[in-house]
Amino acid sequence: MENTDQVSLGRKICLILVSVIFLLMSFSLMVNYIFILILLILALGLTIYLAFPYLKKFDVVSSLIYLIPVFSLALFYAIGNFSRSYVDVATCVMIPIVMTLFGVLGMLLFRIPKFEIKAVFRGIFIGLALVSLINMILTLYNYGPFHGIRYSSYYSYYDGTISKEGLPSTAYALCGLTIKQVPIQYYLIFPTLSLGGFICFFVKNDARLWEKIVALTIGSIGLISIIFVISRITLFVSLLSIIFTALVCALFAFKIRPSNKVIKIVLIVVTVLLGVGFIFMLMHAQGGLTGLREFVSSVPLLRYIFVSNRFMENNNLILNGFFSPDKLIGFPVLFDEFYEANVYPGYNIFVNQFMYAGIFGFIFMIIIVVMIIRSFLKVKDLTIDSRVNKYMPFFFIALFFIYSFTGDVSYIDEYEFARFAFTPINPFFLMCIMFGGYYNALVNERGNKNA
Amino acid sequence: MKEEIRMHKKMLLLIPLLVLASCGAQANNIVPSSIDRSGNWDDNYYTYFDASLKNKEVEEIVLEKEKNKVFTTFTDQNFIAQEEMGKDISNYYNDFMDDGFGQTMKLSKQNEAVKEGFISKLFDGQLFCHQYYELSRVQINEEGFSSSFHKELESASYLYLNFKSAVDFKKYRPAAHLTSLKIHITLYGEKNYRYTYLLDEVPTNAGETYVFYGFSLEGMDLKGVRDFSISYTLVDEPAKKVDPNVGHALLLYEFGFKNPSFK
């Protein structure tokens with residue numbers, strides 16, 4: 001009896017620890033990597049202690065299959081030109097350790113008996129909704145509602161300098177303990193990710209009423225936060241995520257369960273489109289192919305997508321260096337206006353991989369994404385876990401990556417890169433690593449049982 | 001069902017909260033793009049003047065050169081300054097250098113709150129144009145503008161303002177000439193004082209000739225000072241005799257204090 005109580009208490013503490021890590025990161029409070037590491041080791045220690053009796057069949061090989069790409073990606077961040085020019089050595093050493101440990105944490109969490117990952121999500125989503133609410137109130141306080149529309153041709157100033165983009169591209173947010181004016185992409189991270197709460201509402205066979213209400217509230221706060229700052233930019237950044245959430249909710253609401261074949265076809269189509277789009281973008285960004293550039297400039301739609309919009313400017317600069325040998329492991333950061341070729345992160349997490357970690361970073365990122373998708377397809381057919389546990393992590397990961405196509409998740413301050421838990425490694429990406437580990441372990445452990 | 005209704009009622013509470021929150025506190029700090037980009041002289045005036053400050057009772061103090069240690073400089077040959085200023089002013093022309101007057105004296109160093117908004121141009125330590133034109137200056141008409149330090153100024157040794165006098169040199173190109181004007185700097189605190197000084201022979205449209213003006217705050221009542229305004233009165237502007245409609249402005253580059261302390 002004591003043992004069960006102990007485990008139950010341990011389970012609660014564990015999920016509180018994990019939720020707290022991400023909550024603190026959402027508030028940009030964990031900019032010091034040592035702080036994260038300490039909390040992470042505590043959570044890991046507790047997890048190992050609780051899961052130890054069930055670790056006998058721990059499949060090291062299959063765990064490595066997930067951890068190796070994660071560790072490699074992390075390593076390339078750490079040794080990449082970007083980190084070496086922007087980050088201190090201690091943090092560089094931390095990155096591979098922290099990222100890999102998050103993967104391990106994910107793998108071990110589900111092994112704790114009766115541990116429900118949806119409880120972790122509750123903590124994360126409540127944190128996201130709280131941050132969204134605070135930021136929304138701050139933005140409303142400073143600019144009033146719908147400032148994206150009312151002030152569409154206005155500019156703001158900071159320290160005597162006019163903002164590069166207009167007022168609709170900014171909002172106010174709480175960063176750590178200070179209230180700052182931030183790029184709207186940063187403001188939108190939290191409400192966009194908290195849209196995942198809506199998905200929770202539909203997994204109704206598992207959820208009790210109050211859980212559904214919490215899910216609805218979280219999603220609503222997110223949606224309202226987005227609506228109040230609506231502008232051309234907001235739509236560009238968040239619309240895809242909103243459409244994705246609505247689509248998935250519709251699938252749940254009408255109990256449509258697409259077969260694996262259908263999902264695979266959709267994924268293949270999306271991958272091909274993205275792949276072709278990416279190659280096109282890559283080719284276009286190279287300076288030498290003038291014929292292609294002329295073609296793109298002559299077609300208005302293509303010009304709008306690949307050239308004229310503010311998001312592509314940095315993307316093009318980064319991809320321009322794709323084939324340069326000196327950019328093999330990323331771009332150095334040059335801030336001083338007296339240096340040339342000042343390249344800032346683009347608004348796309350995949351393009352940014354080149355900047356942070358070079359081509360190898362990009363390859364390992366793709367590998368991780370493919371593994372997660374593959375794991376999800378296997379996990380979704382397992383009858384063993386509840387639907388929330390099975391679907392929630394994937395939707396969160398998917399929402400994150402969809403958001404990352406349009407809004408970067410690393411900027412806080414236009415004038416300096418604020419340390420949002422360090423620029424290439426943001427808390428939501430770490431969550432993806434953790435949940436990816438969770439999926440990978442689920443597939444390998446319980447997939448074998450089911451077979 | 002009851003729980004759902006209760007929850008919905010809680011959600012409704014959010015609405016008045018949001019309405020109350022939506023006061024647009026930064027509305028004065030953001031400006032339309034035309035103020036810096038239109039190329040039209042008349043669009044570039046910054047005229048925000050807080051209504052509550054405009055109506056306040058203000059005591060006028062007419063400064064005296066010797067008594068209030070007023071200092072001005074028109075050209076570096078015509079440098080008139082107190083000894084105290086002389087030490088500070090030695091690096092006046094190096095406003096980008098870390099040890100220059102601008103970067104060491106700028107108000108944003110003592111008070112980060114003034115970094116926000118359009119008026120932050122006056123506190124960034126950049127004393128001169130450096131070919132940034134409208135982007136580096138605040139263009140005001142005689143009615144001037146008001147702003148806030150966002151914190152209470154407790155004390156300071158002296159106050160300074162670096163500016164140029166200009167008439168619309170895009171529409172109408174008068175040669176450099178001399179203007180006479182009274183400059184008013186008002187500090188709003190427990191009591192409000194408008195410090196006025198007559199500046200004779202201010203070079204106008206004189207290219208890169210700036211006016212560095214200031215005075216000692218010794219003996220002045222600075223209790224509770226949080227807000228300020230700057231305005232002026234044209235006494236004699238020769239260009240207006242040629243064209244009464246020509247726009248005159250003071251182009252303000254930097255405003256600050258020596259040794260300010262904020263609460």
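Predicted, not measured: the structure shown is a model, and the values here were computed from it. (Residues numbered from 1 in each chain as written. Chains lettered and ligands numbered in written order. Predicted model: local features only at pLDDT ≥ 70, side-chain atom pairs only at ≥ 80, totals over all residues. Heavy atoms only, no water.)

1. Observations regarding the overall build of chain A
- Helix and strand counts for chain A come out as 18 helices and five strands.
- Counting across all 451 residues of chain A, residues that qualify as buried make up 58%.
- Put simply, of all contacts in chain A between residues at least 6 apart along the chain, 77% involve residues at least 24 apart.
- A total accessible area of about 19,000 Å² is found for chain A, and carbon and sulfur atoms account for 70% of it. (Helix = DSSP H or I, 4+ residues; strand = E, 2+ residues; numbered from the N terminus. Buried < 20%, exposed > 50% of the residue type's maximum accessible area, 1.4 Å probe, protein only. Contact = heavy atoms within 4.5 Å. Areas by Shrake-Rupley, 256 points an atom, 1.4 Å probe, with all protein chains shown as cover.)

2. Quick look at the side chain of Thr234 of chain A
All names here are of chain A.
- Tracing the backbone shows Thr234 in helix H11 (residues 232-253).
- Note on Thr234: relative accessible area 2%, which makes it buried.
- Engagement of the side chain of Thr234 in a polar contact is seen with the backbone oxygen of Val229, the distance being 2.6 Å.
- Residues in contact with Thr234, not counting those within four places in the same chain, are Ile184, Leu188, Ile226, Val229 and Leu239. (Polar contact = N/O pair within 3.5 Å; in protein donor to acceptor, adjacent residues only side chain to side chain.)

3. Comments concerning H11 of chain A
All names here are of chain A.
- Over its 22 residues, H11 runs 30 Å from end to end, which matches the ideal 32 Å to within 8%, given 1.5 Å per residue.
- In the structure, H11 departs most strongly from a straight axis at Ser238, where the bend amounts to approximately 45 degrees.
- Looking at H11, one finds that the buried residues are Ile233, Thr234, Val237, Ser238, Ser241, Phe244, Thr245, Val248, Cys249 and Phe252.
- Following H11 by one or two positions, Lys255 has its phi on the positive side, about 50 degrees. (Expected span 1.5 Å × (residues − 1). Bend = angle between axes of the 7 residues up to and from the residue.)

4. Here we look at the pattern of salt bridges
Residues and elements named next belong to chain B.
- Scanning the model with the defined rule gives six salt bridges over all chains in all.
- Residue Lys115 is joined to Glu112 by a salt bridge in which the shortest nitrogen-to-oxygen separation is 3.6 Å.
- One salt bridge connects Glu152 with Lys263, and the closest N-O pair in it is separated by 3.4 Å. On the criterion of sequence distance, the pair formed by Glu152 in strand E6 (residues 145-155) and Lys263 in the segment after strand E13 (261-262) is long-range, its members being 111 residues apart.
- A relative accessible area of 23% places Glu152 in the partly exposed class. (Salt bridge = Lys/Arg side-chain N within 4 Å of Asp/Glu carboxyl O.)

5. Topic: the environment of Ser26 of chain A
Residues and elements named next belong to chain A.
- Topologically, Ser26 is positioned in helix H1 (residues 2-26).
- Judged by its relative accessible area of 2%, Ser26 falls in the buried class.
- Considered as a pair, Ser26 and Phe190 are 164 residues apart in the sequence and their alpha carbons are 8.0 Å apart.

6. Examining the pairing of strand E12 (residues 248-257) of chain B
All names here are of chain B.
- By the criterion of burial, E12 is predominantly enclosed, with ten of the ten residues buried.
- Judged from the three bridges that link them, strand E5 (residues 138-140) and E12 form a sheet pairing that is antiparallel. When the sheet's bridge partners are listed, Val138 is paired in E12 with Leu252.
- Here strand E7 (residues 158-167) runs beside E12; their pairing, made up of nine bridges, is antiparallel. Note that in E12 the partner of Leu159 across the bridge is Phe257. (Pairing = 2+ DSSP bridges.)

7. Observations concerning the packing of helix H6 (residues 117-143) of chain A against helix H10 (residues 209-227) of chain A
All names here are of chain A.
- Following both chains from N to C, one finds H6 and H10 inclined at 35 degrees, their axes separated by 9 Å at the closest point. For the pair H6 and H10, the sense of crossing is left-handed. Of the residues in H10, those in contact with Lys118, Arg122, Phe125, Ile126, Ala129, Ser132, Leu133 and Met136 of H6 are Trp210, Glu211, Ile218, Ile221, Ile224 and Ser225.
- Looking at side-chain class alone, the contact of H6 with H10 contains nine nonpolar, two polar and three charged residues. (Axes fitted to C-alpha atoms, helices over the stretch in contact; angles between N-to-C directions. Left-handed = near helix turned anticlockwise from the far one by under 90°. Nonpolar A, V, L, I, M, F, W, Y, C, P; charged D, E, K, R; others polar.)

8. Description of the packing of aromatic side chains
- Evaluation of the coordinates by the stated rule reveals 50 aromatic pairs over all chains.
- Between Tyr77 of chain A and Tyr356 of chain A, the aromatic rings sit 6.2 Å apart at their centres with planes inclined by 75 degrees, giving edge-to-face as the arrangement. Here Tyr77 of chain A is found in helix H3 (residues 60-79), whereas its partner Tyr356 of chain A is found in helix H16 (residues 349-379), with 279 residues between them in sequence. Grouping residues by exposure puts Tyr77 of chain A and Tyr356 of chain A together as buried.
- Look at Tyr46 of chain B and Phe145 of chain B: their rings are 5.8 Å apart centre to centre, the planes differ by 65 degrees, and that puts the pair in the edge-to-face class. Within this pair, whereas Tyr46 of chain B is found in the loop between helix H2 (34-37) and helix H3 (51-54), its partner Phe145 of chain B is found in strand E6, the two being separated by 99 residues in sequence. Phe145 of chain B carries the same exposure label as Tyr46 of chain B, and that label is buried.
- Ring pairing ties together the aromatic residues Tyr157 of chain A together with Tyr46, Phe118, Phe123, Phe145, Phe149, Phe228, Phe255, Phe257 and Phe262 of chain B, which thus form one cluster. (Phe/Tyr/Trp six-rings, centres within 6.5 Å; stacked < 30°, edge-to-face > 60°.)

9. Considerations on the confidence of the model for chain A
Residue and element names in this part refer to chain A.
- Scored by pLDDT, chain A comes out at a mean of 78, with 80% of its residues at no less than 70.
- Counting interchain partners and residues more than four positions distant, the pLDDT-below-50 stretch residues 335-341 has eight contacts.
- Across residues 414-418, confidence stays below pLDDT 50; counting only partners more than four residues off in sequence or on other chains, it has 19 contacts. (pLDDT = per-residue confidence, 0-100.)

10. Side note on unusual backbone geometry
- Of note, Asn205 of chain B is a non-glycine position whose phi angle comes to about 55 degrees, a positive value.
- By the element assignment, Asn205 of chain B lies in the loop between strand E9 (192-204) and strand E10 (211-216).

11. Describing the nonpolar core
- In this structure, Tyr77, Met99, Phe102, Phe396, Phe401 and Phe429 of chain A are the most contacted members of the largest nonpolar core, which totals 142 residues.
- It is H16 of chain A that contributes the most residues to this core, 17 residues altogether.
- Filtering out sequence-adjacent residues up to four positions away, Phe102 of chain A remains in contact with Ile21, Phe22, Ile36, Leu40, Leu430, Ile433 and Met434 of chain A.
- One finds Phe163, Leu181, Phe215 and Leu234 of chain B within the second-largest nonpolar core, a separate group that totals 49 residues. (Core = buried A, V, L, I, M, F, W, Y, C linked by side-chain atoms within 4.5 Å.)

12. Focus on the packing of helix H12 (residues 260-285) of chain A against helix H13 (residues 290-298) of chain A
Residues and elements named next belong to chain A.
- Their axes nearest at 8 Å, the elements H12 and H13 cross at an angle of 115 degrees. Taken together, the axes of H12 and H13 lie roughly perpendicular to each other. By crossing handedness, the relation of H12 to H13 is classed as left-handed. Touching Phe280, Met283, His284 and Ala285 of H12 are Leu292, Arg293 and Val296, all from H13.
- In the contact of H12 with H13, the residues fall into five nonpolar, one polar and one charged. (Parallel < 35°, antiparallel > 145°, perpendicular 65-115°, else oblique.)

13. Brief notes about the environment of Ala253 of chain A
Residues and elements named next belong to chain A.
- Structurally, Ala253 is set in helix H11.
- Its relative accessible area of 36% is what places Ala253 among the partly exposed residues.
- Taking C-alpha positions, Ala253 is 9.6 Å from Phe201, a pair spaced 52 residues apart along the chain.

14. Describing the pairing of strand E8 (residues 177-188) of chain B
Residue and element names in this part refer to chain B.
- For E8, a buried count of ten out of twelve residues is recorded, marking the element as mostly surrounded by other parts of the structure.
- Bridge count between E8 and E9: eleven bridges; the pairing is antiparallel. Residue pairing in the sheet places Leu178 in a bridge with Pro203 of E9.
- A loop of three residues connects E8 with E9, the two strands running antiparallel in sequence.
- Where E8 lies against strand E11 (residues 225-236), nine bridges are found, and the strand directions are antiparallel. Counterpart to His184 in the pairing with E11 is Ser231.

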